[in-house]
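Tertiary structure, described
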Amino acid sequence: MKTLIRKKMSYETKKSFAGFLFILPWLLGFVFIIVRALINSAAYSVSETTITPGGMKLEFIGIEYYIKAFRSDISFPRMLLSSITDLIYTAPIVLAFSLFIAVILNQNFKGRTIARAIFFIPVIVGSGGIILSYMNDDVSSSLISGSRSAMLFSSGSFSMTTVLLEAGLSADIVNIISSAISNIFDLTWKSGLQIVLFIAGLQSVSSQLYEAADVEGASAWEKFWKITFPMIMPILMVNLIYTIIENFTDYSNEVMKYVVNIGRDLDFSYSSALSWIYFVIIGTIIGSVYYIINRKITYTVK
Amino acid sequence: MNDRKKQILINKSRNFTVGTVRAIFLVSMCFIILYPILYMLSMSFRTVDDIFDPTVIWIPKNFVTTNFQKVFEMIDYFPRLFNSIKISLIATIINVIMCAFAGYGFARFDFKCKSLLFGCVLFSIIIPPSSISIPMYMGYKSFDFLGIGTLIGLFVGRPLTVNLLNTEFTLYVPALLGAGIKSGLFIYIFRQFFRNLPKELEDAACIDGCSILRTYFGIMVPNASASFISCFLFSFVWYWNDYSTVTMYFNEPITLSASLSMIGTIMKGSTYAEIGSNPYIALLYTQCACLLCIIPLLIMYVFLQRFFTESIESSGIVG
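The structure displayed is predicted, hence computed values, not measured ones.

**A closer look at the overall build of chain A**
Scanning chain A from N- to C-terminus turns up 16 helices and four strands. Out of the 302 residues belonging to chain A, those deemed buried represent 45%. Taking the intrachain contacts of chain A between residues at least 6 apart in sequence as the baseline, contacts between residues at least 24 apart amount to 66%.

**Comments concerning helix 2 (residues 24–45) of chain A**
Think of an α-helix as turning once every 3.6 residues; residues three or four places apart then point the same way. Residue and element names in this part refer to chain A. Between its first and last C-alpha, helix 2 extends 30 Å over 22 residues, near the 32 Å set by a 1.5 Å rise per residue. Along helix 2, the sharpest change in direction is near 30° and occurs at F30. Every buried residue belonging to helix 2 is among P25, W26, L27, G29, F30, I33, I34, A37, L38, S41, Y44 and S45, and all of these are buried.

**What about helix 14 (residues 233–249) of chain A?**
Here helix 14 of chain A contains 17 residues, and its C-alpha end-to-end distance of 24 Å stays within 8% of the 24 Å for a straight helix at 1.5 Å per residue. Counting buried positions over the 17 residues of helix 14 of chain A gives 14, a clear majority of the element.

**Some thoughts on the layout of surface pockets**
Empty space within the second largest pocket amounts to approximately 1,100 Å³. Lining the second largest pocket we find 28 residues, and of these A:V103, A:I104, A:Q107, A:A220 and A:F224 sit closest to its centre. Residue assignment for the lining of the second largest pocket shows that the elements contributing at least two residues are helix 4 (76–106) and helix 13 (220–231) of chain A together with helix 1 (2–44) of chain B.

**What about a nonpolar patch on the surface?**
Residues and elements named next belong to chain B. A contiguous nonpolar patch, built from F145, I148, L151, I152, L154, F155, V156, L160 and V162 and spanning about 940 Å² of accessible area, is present on the exposed surface. Within the secondary structure, V156 is located in helix 7 (residues 148–156). Assessed through its relative accessible area of 63%, V156 is described here as exposed.

**Some words on the confidence of the model for chain B**
Residues and elements named next belong to chain B. Within chain B, residue pLDDT values average 81, and 94% of them lie at 70 or more. Across chain B, the element-wise mean pLDDT spans from 69 in helix 16 (residues 273–276) up to 90 in helix 4 (residues 77–108). If you check the scores for this complex, the pTM reads 0.83 and the ipTM reads 0.80.

**Focus on the interface of chain B and chain A**
On the side of chain A, 91 residues touch chain B, which itself brings 93 residues to the contact. Both sides of the chain B and chain A interface together cover about 8,200 Å² of buried area, and 79% of this is carbon and sulfur. The shortest N-O distance in the salt bridge between B:E202 and A:K15 comes to 3.4 Å. Counting across the chain B and chain A interface gives four residue pairs in polar contact (both at pLDDT 80 or more). Sort the elements by how many residues they give to the side of chain B that touches chain A and helix 17 (residues 279–314) of chain B lands first, with 15 residues. Residue classes in the side of chain B that touches chain A are distributed as 70 nonpolar, 14 polar and nine charged.

**Quick notes on the pattern of salt bridges**
Following the criterion strictly, the structure yields five salt bridges over all chains and no others. Ionic pairing is found between A:D214 and A:K223, a salt bridge with its closest N-O pair at 2.9 Å. Relative accessible area serves as the criterion here: at 45%, A:D214 is assigned to the partly exposed category. Overall, the relative accessible area of 18% leaves A:K223 in the buried class. One salt-bridge network, held together by shared partners, links A:K15, B:R108 and B:E202.

**A look at the nonpolar core**
Ranked by size, the top nonpolar core spans 165 residues in total, and within it A:W26, A:L105, A:F119, A:F120, B:F106, B:F194 and B:Y216 carry the most contacts. Here the element with the most residues in this core is helix 17 of chain B; it accounts for 15 residues. Beyond its immediate sequence surroundings of up to four residues, A:W26 is in contact with B:A102, B:F106, B:L117, B:C120, B:V121, B:L177, B:G178 and B:I187. Counting six residues, the second largest nonpolar core, distinct from the first, contains B:Y35, B:Y39, B:M43 and B:L284.

About the cut-offs
Residues numbered from 1 in each chain as written. Chains lettered and ligands numbered in written order. Predicted model: local features only at pLDDT ≥ 70, side-chain atom pairs only at ≥ 80, totals over all residues. Heavy atoms only, no water. Helix = DSSP H or I, 4+ residues; strand = E, 2+ residues; numbered from the N terminus. Buried < 20%, exposed > 50% of the residue type's maximum accessible area, 1.4 Å probe, protein only. Contact = heavy atoms within 4.5 Å. Expected span 1.5 Å × (residues − 1). Bend = angle between axes of the 7 residues up to and from the residue. 1 Å grid on protein atoms, 1.4 Å probe; cavity = no way out; pocket = protein on both sides within 12 Å on 5 of 7 lines; lining within 4 Å. Points joined across faces, edges and corners; volume = space filled by probe spheres on them. Patch = residues over 30% accessible without salt bridge, like charges linked within 9 Å, V, L, I, M, F, W, Y side chains within 5 Å. Areas by Shrake-Rupley, 256 points an atom, 1.4 Å probe, with all protein chains shown as cover. Salt bridge = Lys/Arg side-chain N within 4 Å of Asp/Glu carboxyl O. pLDDT = per-residue confidence, 0-100. Buried area = accessible area lost by both parts, 1.4 Å probe. Polar contact = N/O pair within 3.5 Å; in protein donor to acceptor, adjacent residues only side chain to side chain. Nonpolar A, V, L, I, M, F, W, Y, C, P; charged D, E, K, R; others polar. Core = buried A, V, L, I, M, F, W, Y, C linked by side-chain atoms within 4.5 Å.

Structure (structure tokens):
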């Protein structure tokens, strides 16, 4: 009896040791690359850094830079606030929009594969040089006025806005129209991956539920809100968190550009302090979103 | 009889209207998405005069291909294309394999502090890259093999370090250690997938006498091919499009995306001053360069499009 029990224990430990070995590369990377860099960054943020030929010299000065970020820096708190409010506006709109498109793309119609293929293009192309070369490049941004969406209305010397103005519409309406259209442009290019995730989620809802609802005589509106929407809540949460992360760590984000520019000016301590403040704020927002929504969603039993 | 015919007619017309509205909506959306690409195509074949010509909207009057040659030499296209492909491919392969290991470990085994460590995985996704880029730069400047170099240094008197900057190992080493681009996300995807596989598979393998490694390579990996494919494709695209790590760790932009991000500074340089000074001409060459940098990805996408959209559904991220 005793030998049997001993054998079972050693198998368990053997398995748990094997599991540990599987995650060992990741663990090494996490501790030695990421955690070490985070500790270094925290060290920079609380000390005065000077660059000597041998490396970096640090003198501990306490949380002076953190206080400086909020008291004497004029642009940082404003940018932080605008970044957060920007998120509160864009995240629900992006999610609603991509859900809408995903519902449409989930239906059966001719040319569905082509439509899906085209909607995925922003993910392939969008995260790269195009955005940068449109946004940051002085040369093209002076022409396109800093926003690639304005291109829809002016290419060289042909400008839709002038056409609309000449046609007699008032300047206010033309403004509204052009800003609405440029918003759709930005929205579509930002919601590439969300659309794909939603399509995948919609397909995982079993069709038996819909058939049962049809038998009971539910309308399409009721079917959406009572069946589709609750069943895709887990995907919705994954999407929401991904949207928040992407919004905050995207390179075209204001705060990120500010931090990177300060780092380029070799003021490492201040840049590190700013990054840490930003990071803590992002972490709190994401954590609170996760906990709030986790209470409300219903997980289906597999 | 009449009633039924009327009902059929109403149904048909309703389907027709819904179909038409949907078609119009989708076509306009697709136009919005394809617009920049079409714009780039149109601009790349124009001469400088065509930019100022108000009658030219999409189709240029003089169809020229000389812009491409200029851009080839401006951003040193072919060697950098080769670099992009090589770096993205190798880094992606390493990244996906290592993330699969970690995902399997988290999914199927129990060890101490497992949830805490998985929390660390999720934590690593939300770290903004700029917080740790400067310390990582310093770390690569004197890379000491995860602390072994300093240990040896205690004996030898001088730590054993290697300067990894300007080599591609700055990209391969983090991928090898699970800290590549969005690795946390891939570990999460793999863990979700392996969790959804039935435990009976593993038990059957164990009864048949498979060691743990053999179970992994022989059974788990073939089942997870959808996850592997989708993570591979995403990782390849993200590594290809990533210009920040390359511009930080290399003296010269050796990949296409990095060169594209620096095209403003290239055009301000002395050799291309006549281009950089005129914003319209600069726009022309910028568009042409963008097109050339996107074309490889688009070609790959055309061939592998099916795998992108289909594999996400079966990869288990939504399970």
